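Each chain, written out:
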Amino acid sequence: MSSFSRYAVPDLEFRKKIIDMSQENLNFCYQCSGCTGVCPLNMVIKFNPREYIHRSQIGLKPLPMDFEKLWQCTTCAACEDLCPKEVEITEIVAALRSYAIDTGEKVPGSYTQALESFYSYGNPFNLGADARSDWAKELNVPIANKETEVLFFVGCNASYDPRSQSIARALVSIFNKANINFGTMGNKEKDCGNCIYFMGEKELSDHERSQNEAVINEIQPAVIVTTSPHSYNFFSKRYDLPKGTKVYHYVQYLDQLIKEGKIEFTKSLPETNVTFHDPCYLGRHNDVYDEPRRVLEAIPGVKLVEMTNNRRLTNCCGGGGGNSWAETDINERLSIPRVNEALETGASVLATACYFCLTMLEDGVKGVNREQDLKTKDIAELVAEAL
Amino acid sequence: MSSEETNGFNPTIIGFYCRWCTHAAADLAGTSRIPVSANVIGIRVPCSGRVDPSFIYDAFTKGADGVFIGGCHYGDCHYEDGNYSAFKRTKMLQKVIKEFGIEPERVRIEWISASEANKYKLTLDEFTETIRELGPLNWDKHLQERDYEKSV
Amino acid sequence: METGRIGVFICHCGTNIAGKISIEKLMDFARTLPFVDAVRDNKYTCSELGQSAIQDVIRERNLTHVVVAACSPSMHEKTFRNTIEKAGLNRYMLSICNLREMNTWVTEDNEVSLFKAKKLLAAAVRRVVTQKPLEEEKLPVTSRVVIVGAGIAGIEASLQLANADKEVVLVEREPSIGGQMARFDKTFPTLDCAACILTPKMVDVGQHPNITLMTYSEIEEVTGVPGKYDVKIRKKARSIDEVTCTGCGICEEECPIKKIPSEFYVGLKYRKAVYKPFPQAVPQYPVIDRKNCTYFLKGKCRICEKECPAGSIDFEQEDTFINVEAGALILATGFEPFDPVNIPHYHYGEYDNVFRAIEMETILNSSGPTGGDFFLRKDGKFTNSKPKSVGIIHCVGSRDENYNPYCSRVCCMYSLKYAHLIKERTDATIYQFYIDIRAFGKGYEEFYDRLQKECVIFIRGKPGKIIKTEQSGQEKLIVQVEDSLTQTPLHFPLDAVILSTALVSRPDAHEVANKFGIGCGSESFFRELHPKLAPVSTQVDGVFLAGACQGPKDIPDTVAQGAAAAAGALSLLSRGYIVNEPTIASIDEDLCSNCKMCISVCPYDAIAEDTEKKVAVLTASKCKGCGLCVSICPSGSIEQAYYSDDAILAEIKGIIETGKLKG
């Protein structure tokens, strides 16, 4: 068939692999291109989810440069939220990344480093697994056992990243003040598996998940509270948990504690306009929109002001899908337009409920040199300040 | 024809529209909002074959600058072959008016079916231009010129 | 000399007219016109309020004539005739000035539009005073309907009418009823079996006491007037005595001529010279194909005659002509599948495994050449190997200015249906090469969704060509296409390609339309009276359309139209009369010079010579009001009601006396 060599011949094997790996999600797409129309990445780079889907549908591998670009997808699910055929596009992205890793396509350096660190240490920071609970040393955080009611799942960033550790500490202080019988998994905690799943390392993700599951099965907690919406997402959708164990993201849990009167605010913050950035994995992935707002508004002194793009329309911070550990050119950072949106509201605090969002947005504020005007805070930190 | 006379000349054109085809095409042009020459004023007739040569003659004597007849395509006539009669008669009339000193191009017959709103528009616009170029019908002058040519 | 008290009613039509021209100025102008007594405007003259306003003014001012300046007369002439009639005027004392379709909607400049409005209005006012009271005649309607074409549209219409106790004569050109649908195996989107839903209806038609079924017959001529048409039907010689034939099929078994390509199976199967087109045919008796019968060709054989136990073979039979009087006619003559042989890019008819849609229907049909299985062809014959990959090319001959500019409406869906059926029967990989997927009907989008989930691959692009290669002795077709969604030129090596061909009008559509006095649209489909509001009526009273003869459509729409056409015919028959427009000609005997020119031009033999008086005499009931005689009469002795010379000359006068527009 060499005389027709200028024409591509579709590769049905490739198509079949992606169909299998994406749980047949490919088949549902009718190419309306709503995904590309809504994708926030197009604010900073040219990115066409529709074309990835279509090429896979008809058996055409993405071009090498497109394979590389694929890593910039933050799996924020803006596309899935709009998709009229309910295609789980993030599953297709994950499938294509798996395929890229398996077939030796070029994976950009910073993602490779993070993945390798996950392999070696169960975290993306090249830090020892035995250092996971170092942040808690001075706080006397109990290690969960069979008597523990609430298992606090800290997550990688809150364990190792100094800025994110502040969230974990805030939560510990809240739990203590509310007299919660809680504990962590200590150094037995592995990463939750969510990020590496969407980065395409599904087997590693399975491995980490089952290790966590084994520990949790021993503890048999009534409730699991996660710091990260990413962990919450994976726990609530993919974990095989003991019967009766409930999973909450901490804002949901705090919302309950406030409702039940277990948290009493003793201090008032100075009159503050706070705007809230919906984390993608809390909002669009899991429809948790009201709880963080209720918690924020319960804090004395806080006045909530919304950005134009809020709730389902939220724009991504740029940190999902492994991108918080990657080096991104400043012109390609999604956090910059998002921070500008927050600045437009006139709020002095940009609150969020996810350590990736917090990291990315804080960088964003620095990127536009507005640290004086806008503080980035996690909701847990704000709550702890008012107790 | 001097340019002064043609400039700003807006001819009056009488149109005879068969009710089954061209009149319906005019309606369709309307519902499709297709702009059409405003110089042609249509008169509804049951069939292009109803157009009596005396109507055309009458229109010219009263001061029309052109006459247009719109009928059904061959084979589509609601009354079998009224359009054939209309065609033959128009051809004959064109010869006669030439004798009177009127340019035969001032009479035009065209088949426009009910679905041909675009053809309706194009034909009328084009015919209006033709008449505009010919200028106002100046019967006396035309006759004089013809007599002069004959005498030469 | 004309005289009268004219009322002029100018309609704003919301902003359709008033948004373009100054109603005030037009009203001022109207007041200057002769005989105008009252000038009124109204936001919506056609509304009940607008109509009663007209009636009030007629009574108040004792009006004699009315001009309504509004939309096209084809919209509301009847409405306003009724309005003025209710106020005591004769309904023909009305003239409509078409301000909207002929002016405000098509004129760009506001001033020019106002000027044209004045001309149109002057013409209407001038004309209306020439109009005289006319009486409409009620013609009786014969309580019988002739339906032409016995596909699913004609079948549905027949059953609806027959069940309403009306007499139906159903005429079908082919030896059996059933039409195209009888060829289908499954129907989209429900995938129910076509035969299972069609055959019971066919049997009903065959057995219904109110339906006279005339198969192997054609319409020869239609004469008469609305309400009382005379339909001359040619019953082609079947060479079978229908009274004695039992349909046992022995003649067909015994016939030695075996290799005649079957029309029903589009040449993919053979039939004999005496044959029944397909197993479920209605009626069950066969037909002798005289062009291929040995007896008719060579004068000997007659085996069927010898073998027939009922003695029903009749070689001497001749075409017969039957005249049927009918009050309404329904045309349901269907469509023709487009023949892609002239599209060079796809090599249909040249490559073994390029199929067209109607062949695919036949192949997938369990009574078809392969018993419903899809086998590849080699050297024109079916093999026993099934395709592993099949491409379906959409819009072949549709949406294509080279062939047919319109969308055929059903191809997307039947292409999806093929994908499902072929996958079910061969497990092949199916590719759809489409331009747009148009899944507009109930359950269609869901069907599309289902097929996507069945792993059919959709390539957006019109294939540029099909290239033939060979792979281990088997033909392999390479479909060359650009996937427009990724802008990638692609080659798909496939085993078979199906062309989803257009639905086109019958080749003799114009001829048939002429017989019935109706028109054809630009694509030779029969023209309906109004595309939205009168989709099954035609410009001829009492002639209705049903199904794909009016334009491509799917089975649900076709059946709906069949029923709608039946309802149209039924309302005519139930009312029992038809109103004949009184706009006919009349002859003044005193002026007639007996030149007989009128007699020669009249298309309806309505004029004859009174040999005693030596004048032409007109039979009013035969006159349809074309006006041909009026315009040809050299002595001016013929006049037409409503479209009188006076009326038309008055319009010319009105137009011209309004002056010329300054440039």
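These numbers were taken from a predicted model, which means no experiment stands behind them.

Here is what the cut-offs are and how they apply
- Residues numbered from 1 in each chain as written.
- Chains lettered and ligands numbered in written order.
- Predicted model: local features only at pLDDT ≥ 70, side-chain atom pairs only at ≥ 80, totals over all residues.
- Heavy atoms only, no water.
- Helix = DSSP H or I, 4+ residues; strand = E, 2+ residues; numbered from the N terminus.
- Rg over C-alpha atoms; globule rule 2.2 N^0.38 Å.
- Buried < 20%, exposed > 50% of the residue type's maximum accessible area, 1.4 Å probe, protein only.
- Contact = heavy atoms within 4.5 Å.
- Areas by Shrake-Rupley, 256 points an atom, 1.4 Å probe, with all protein chains shown as cover.
- Salt bridge = Lys/Arg side-chain N within 4 Å of Asp/Glu carboxyl O.
- Domains from an automatic or database assignment.
- Buried area = accessible area lost by both parts, 1.4 Å probe.
- Polar contact = N/O pair within 3.5 Å; in protein donor to acceptor, adjacent residues only side chain to side chain.
- Nonpolar A, V, L, I, M, F, W, Y, C, P; charged D, E, K, R; others polar.

(A) Just the overall build of chain A, in detail. Along chain A, the regular secondary structure elements total 17 helices and 8 strands. In summary, chain A has a C-alpha radius of gyration of 21 Å against a globular reference of 21 Å for 387 residues, a match within 12%. Here chain A, with 387 residues, has 61% of them falling under the buried criterion. For chain A, the share of sequence-separated contacts (at least 6 apart) that also reach a separation of at least 24 residues comes to 78%. Summed over its atoms, the accessible surface of chain A is roughly 15,600 Å², and 46% of this surface lies on carbon and sulfur atoms.

(B) Quick look at the pattern of salt bridges. For the coordinates displayed, the defined rule picks out 69 salt bridges over all chains. A salt bridge links Lys259 of chain A to Asp255 of chain A, with the nearest nitrogen and oxygen atoms 3.9 Å apart. Remark: Asp255 of chain A and Lys259 of chain A occur in helix α13 (residues 250-259); sequence separation between them is 4 residues, near one turn of the helix. Judged by its relative accessible area of 62%, Lys259 of chain A is exposed. Judged by its relative accessible area of 6%, Asp255 of chain A is buried. A single salt-bridge network, built from bridges that share partners, covers Arg108, Glu110, Lys119 and Glu126 of chain B.

(C) How the structure looks around the domain arrangement of chain A. Residue and element names in this part refer to chain A. According to the domain assignment, chain A consists of domain 1 (4-107), domain 2 (121-259) and domain 3 (272-385). Buried surface at the junction of domain 1 and domain 2, both sides included, amounts to about 700 Å², of which 48% is carbon and sulfur. Looking at the side of domain 1 facing domain 2, the largest losses of area belong to Glu91, Ala94 and Ile101, adding up to 46% of the total buried there. In this assembly, domain 1 and domain 2 are joined by 1 salt bridge.

(D) Seen up close, the interface of chain B and chain C. In this assembly, 51 residues from chain B lie in contact with 54 residues from chain C. A combined buried area of about 4,300 Å² lies between chain B and chain C, and 57% of that area is made up of carbon and sulfur atoms. A salt bridge links Arg50 of chain B to Glu639 of chain C; the nearest nitrogen and oxygen atoms lie 3.9 Å apart. Remark: the boundary between chain B and chain C carries 14 residue pairs in polar contact (both at pLDDT 80 or more). Mapped by element, the contributors of at least two residues to the side of chain B that touches chain C are β1 (13-18), α2 (22-31), β2 (40-45), α3 (53-62) and α4 (82-99) of chain B. Among the elements that take part in the side of chain B that touches chain C, α2 of chain B stands out by supplying 6 residues, more than any other. For the side of chain B that touches chain C, a count of residues per class yields 24 nonpolar, 15 polar and 12 charged.

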